[in-house]
Amino acid sequence: MLLSTCLGLFPVVLQAALNNQLIDLLPNVLREAVFGSKPYDVEVRGDMDAALREILFFVSETQSLQDRPPASPEMLDRRARLDIPRMQRALRSEGYYDGQVEARVDHTVTPPLVIFEVRTGPPYILHTVDFKILESSDDSKIPRMTAEAAGLAIGQRARAPEIERGASRVQRFLRENGYPFPVVSLGEVVVVHAGRTMTVRFTVVPGPKAVFGPVEVKGKQRVVPEYIMTRVPWSEGQLFQASLLNSLHNRLMQDGLFATVNITYPEQSLPDASREELVLPVTITVAERVPRTIKAGLAYDTDIGLGTVLDWEHRNLFGQAERLRTRLVLAEKEQALSSDLRLLHFLHEQQSLNIAAAIGREQTEAYDKEYVAAGAALFRQLGETWSAGIGVKYGYSETTQGGVTQDYGLFSVPGELAWDKRNDLLDPVRGWHALVRAEPFIDTLETGTRFFKVSGGLSAYVPFFTDNRLVLAGRGMVGSIMGESSRNLPPNERYYVGGGGSVRGYAYQSIGPEEDGVVIGGRSAVECSVELRLRMRKNFGLVGFLDGGQVFPGSQLQWEDDFFWGAGLGVRYFTDFAPIRLDVAIPLNKRDKDDSFQVYVSIGQAF
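Keep in mind that what you see is a predicted model, and the values were worked out from it rather than measured.

What counts, and where the lines are drawn
- Residues numbered from 1 in each chain as written.
- Predicted model: local features only at pLDDT ≥ 70, side-chain atom pairs only at ≥ 80, totals over all residues.
- Heavy atoms only, no water.
- Helix = DSSP H or I, 4+ residues; strand = E, 2+ residues; numbered from the N terminus.
- Buried < 20%, exposed > 50% of the residue type's maximum accessible area, 1.4 Å probe, protein only.
- Contact = heavy atoms within 4.5 Å.
- Lys, Arg positive; Asp, Glu negative; His and termini not counted.
- Charge placed at Lys NZ, Arg CZ, Asp CG, Glu CD.
- Expected span 1.5 Å × (residues − 1).
- Phe/Tyr/Trp six-rings, centres within 6.5 Å; stacked < 30°, edge-to-face > 60°.
- Lys NZ or Arg CZ within 6 Å of the ring centre and 35° of its normal.
- Bend = angle between axes of the 7 residues up to and from the residue.
- Pairing = 2+ DSSP bridges.
- Axes fitted to C-alpha atoms, helices over the stretch in contact; angles between N-to-C directions.

K.L.:
For the overall build of the chain, give the residues involved together with the corresponding values.
P.N.:
A tally of helices and strands in the chain yields nine helices and 29 strands. Each principal axis of the C-alpha atoms in the chain carries an extent, and together these give about 90 × 80 × 40 Å. Put simply, the chain has 607 residues, and 43% of those count as buried. Considering only intrachain contacts with a sequence separation of at least 6, the fraction spanning at least 24 residues in the chain is 59%. Taken together, the 65 basic and 75 acidic charged side chains of the chain have centroids lying 5 Å from each other.

Next comes the structure, spelled out in structure tokens:
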């Protein structure tokens, strides 16, 4: 059948046809360095949508074999002609059964141009979707199946990939409604050329209906058995639902305790005499990870100097995924020891409790600080992309700025709301991330000092090609402090700009209102960055970036003030876990105190 021959052509979903056009817009030297030189060009012409054009490029060997050019112009002509039946099959699989393709090669241009002229003709429409039920004693108990169960819609274009996938979708539909062993196949497809329509019939063997039975756990060592049982999202006797098995697998893997999790059930089970259904026992087999991890890292900034970070982590402190992490930071201008304890599923499945404490010393261009702090925060996942958190924190510090030393005892209630649709935390290539934070403060050593600090940030990542080789990334941040004048605020709580995570090209916290040549910080700030990230061959990448920002003395943003801008280039080396980053930036608004350039070395993208 035609549909079966077309199945292997569409294992991926392709992006818009802009990919090839964007590649052609690149300068020749850059295009050849990234994508290699092309011995000939390929065009697909005709009235069609971008997705169909990309599919025709995808099935074309003339396109895919550009890195292996033929030995003569005649052989290039033959290669193009051999693509005609491939493209015609692709057109039929996309619902264009009257489609026609012609191929020609223009050898008078350099490089030669292969042109495919395509006339799709009118699309064929899905007219009927039927289901033939076999080996069922009572069809009335089987959930009603419609075209929607197969992921199809009457009146849509009759696309072979969607119709082929319909069998697996019907199978998933039955597995979600109590039938763990369905067998579904595409039985009959009839194309009516006179009316340009298609009728599809699926053959369905539903198998027996089943309920969940007892649960057995195997392979546990340090994890408390009750912990695994509390993660099971169903109860014994509940109607079988396959997605609950997937949910349990994801829950256990996300906790970080197990290297592998396998959830199985027997194909032959005992019927429940009281319900006339199979009782399906479930076995959870786990292999635990080593609970302790030691990590070490190095970083270098021109303004901060060389630094090292040592981490020790225990992921299963009391047997129920309690994570204890201790971190030691040793750098030229910062020394700190911190520890935090995370309790997963605290009072709710999607909730965690974090308890943290820290002690340290920090020396910046703006101030020197010695501090000790402790706090606790409750975090809640509010769906797939939203999360929120609220907590309490107390910190005692001795801060020196401009030769004046003052003690602060700050009590605060930090809260945050986050929206995260990034595909990766350390090396995102697509998606969005937004974060809003708010935190009221009161100084317990000077109770008249009260202020409210709020900030918001947004970052976005847009890939230009299907292989994510070129990515445009951008971020922005605004923040404000209300309730006190700058001089009454603790120096470490004011806003500053500059450094590797801010405006590159300027020293860390070197931008802000000044007194007697000393940066004292401000009550509001704004930052923005844009990066063009190009991934080269052999795990290397190049980045061009532009950063900007400013700090204002008042709580209101003053957009009329001039920004400080920094620009530079970076190199990335991509490892299995995260890219290693080397950035060199120059200040575009250089002051007498600014160095000519700044160097930053760390792990992960800048944002």
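Back to the text.
K.L.:
With reference to specific residues and values, describe the side chain of S397.
P.N.:
If you trace the backbone, S397 turns up in strand 17 (residues 386-401). Here S397 falls in the buried class, since its relative accessible area comes to 7%.

K.L.:
For the environment of F131, give the residues involved together with the corresponding values.
P.N.:
Note on placement: F131 falls in strand 4 (residues 125-133). Residues F131 and G256 lie 125 residues apart in sequence; the distance between their C-alpha atoms is 43 Å. Residues contacting F131, with those up to four places away along its chain left out, are M145, T146, A147, V170, F202 and V204.

K.L.:
Quick rundown of helix 7 (residues 160-175)? Include the residues and the values.
P.N.:
With 16 residues, helix 7 should reach 22 Å at 1.5 Å per residue; the first-to-last C-alpha distance of 24 Å fits that figure. Those residues of helix 7 lying buried are A160, P161, E162, I163, E164, G166, A167, V170 and L174.

K.L.:
Give a description of the packing of aromatic side chains that names residues and reports values.
P.N.:
Summed over the entire model, instances satisfying the criterion amount to 14 aromatic pairs. Seen from their ring centres, F212 and F240 are 5.3 Å apart, and the 40° between their planes marks the pair as tilted. Here F212, found in strand 7 (residues 210-218), pairs with F240, found in the loop between helix 8 (225-230) and helix 9 (242-254); they are 28 residues apart in sequence, far enough to count as distant. Just as F212 is buried, F240 falls in that class too. The rings of F181, F212, W234, F240 and Y265 are connected pair by pair, giving a single aromatic cluster. The ring of F545 has R504 lying over it, and the distance from NZ or CZ to the ring centre is 3.8 Å. Residue placement shows R535 over the ring face of F574; its charged tip is 4.0 Å from the ring centre.

K.L.:
Break down the environment of W565 for me, citing the residues and quoting the values.
P.N.:
By secondary structure assignment, the location of W565 is in strand 27 (residues 564-574). In this structure W565 comes out as partly exposed when scored by relative accessible area, which is 30%. Sequence separation of W565 and C528 is 37 residues, and the distance between their C-alpha atoms is 9.5 Å. W565 has contacts with V503, Y506, C528, L546, D547, G548, I586, P587, L588 and N589, leaving out every residue within four places of it along the chain.

K.L.:
Got a sec to walk through helix 6 (residues 73-93)? Specific residues and values, please.
P.N.:
Because each turn of an α-helix spans 3.6 residues, side chains separated by three or four positions end up pointing in the same direction. End to end, helix 6 covers 31 Å across 21 residues, agreeing with the expected 30 Å (1.5 Å per residue, within 8%). At I84, helix 6 shows its largest kink, close to 25°, and the proline P85 lies no more than four residues downstream. Buried within helix 6 are the following residues: L76, R79, A80, D83, I84, R86, M87, A90, L91 and S93. G95 occupies a position one or two residues after helix 6 and carries a positive phi of about 95°.

K.L.:
Before we move on, could you go through the pairing of strand 15 (residues 351-363) and cite the residues and values that matter?
P.N.:
Bridge analysis of strand 14 (residues 334-344) against strand 15 gives 11 bridges, and the strand direction is antiparallel. When the bridges of strand 15 are listed, A336 appears paired with G360. Where strand 14 folds back onto strand 15 in an antiparallel hairpin, the turn is made up of six residues, including H345, whose phi is positive at roughly 55°. Pairing between strand 15 and strand 16 (residues 368-381): 13 bridges, direction antiparallel. Following the sheet pairing, E362 is matched in strand 16 by K369.

K.L.:
Give a description of unusual backbone geometry that names residues and reports values.
P.N.:
Look at the link from T110 to P111: it is a cis peptide, with omega at -5°. Relative to the elements of secondary structure, P111 occurs in the loop between strand 2 (100-106) and strand 3 (113-119). The phi torsion at A321 lies on the positive side, around 65°, for a residue other than glycine. Following the sequence through the fold, A321 ends up in the loop between strand 12 (305-314) and strand 13 (323-331). You will see that L347, though not glycine, has its phi angle at about 65°, which is positive. Mapping L347 onto the fold places it in the loop between strand 14 and strand 15. Overall, L347 belongs to the exposed group, its relative accessible area being 75%.

K.L.:
How would you explain the sheet that holds strand 3 if you had to name every residue and give the values?
P.N.:
The mixed open sheet is built from three strands, whose spatial order is 1-3-2. Two strands close off the open sheet at either side, each with one partner strand: strand 1 (41-45) and strand 2. Sheet twist, expressed as the mean angle between neighbouring strand axes with direction ignored, is 15°. Both strand 1 and strand 3 contribute to a ladder of five bridges, which runs parallel. Across the sheet, the residue bridging to V44 is F116, located in strand 3. Against the sheet, helix 4 (residues 50-59) engages strand 1 and strand 3, with an angle of about 140° to strand 1. Helix 6 contacts strand 1, strand 2 and strand 3 of the sheet and is inclined by roughly 160° relative to strand 2.

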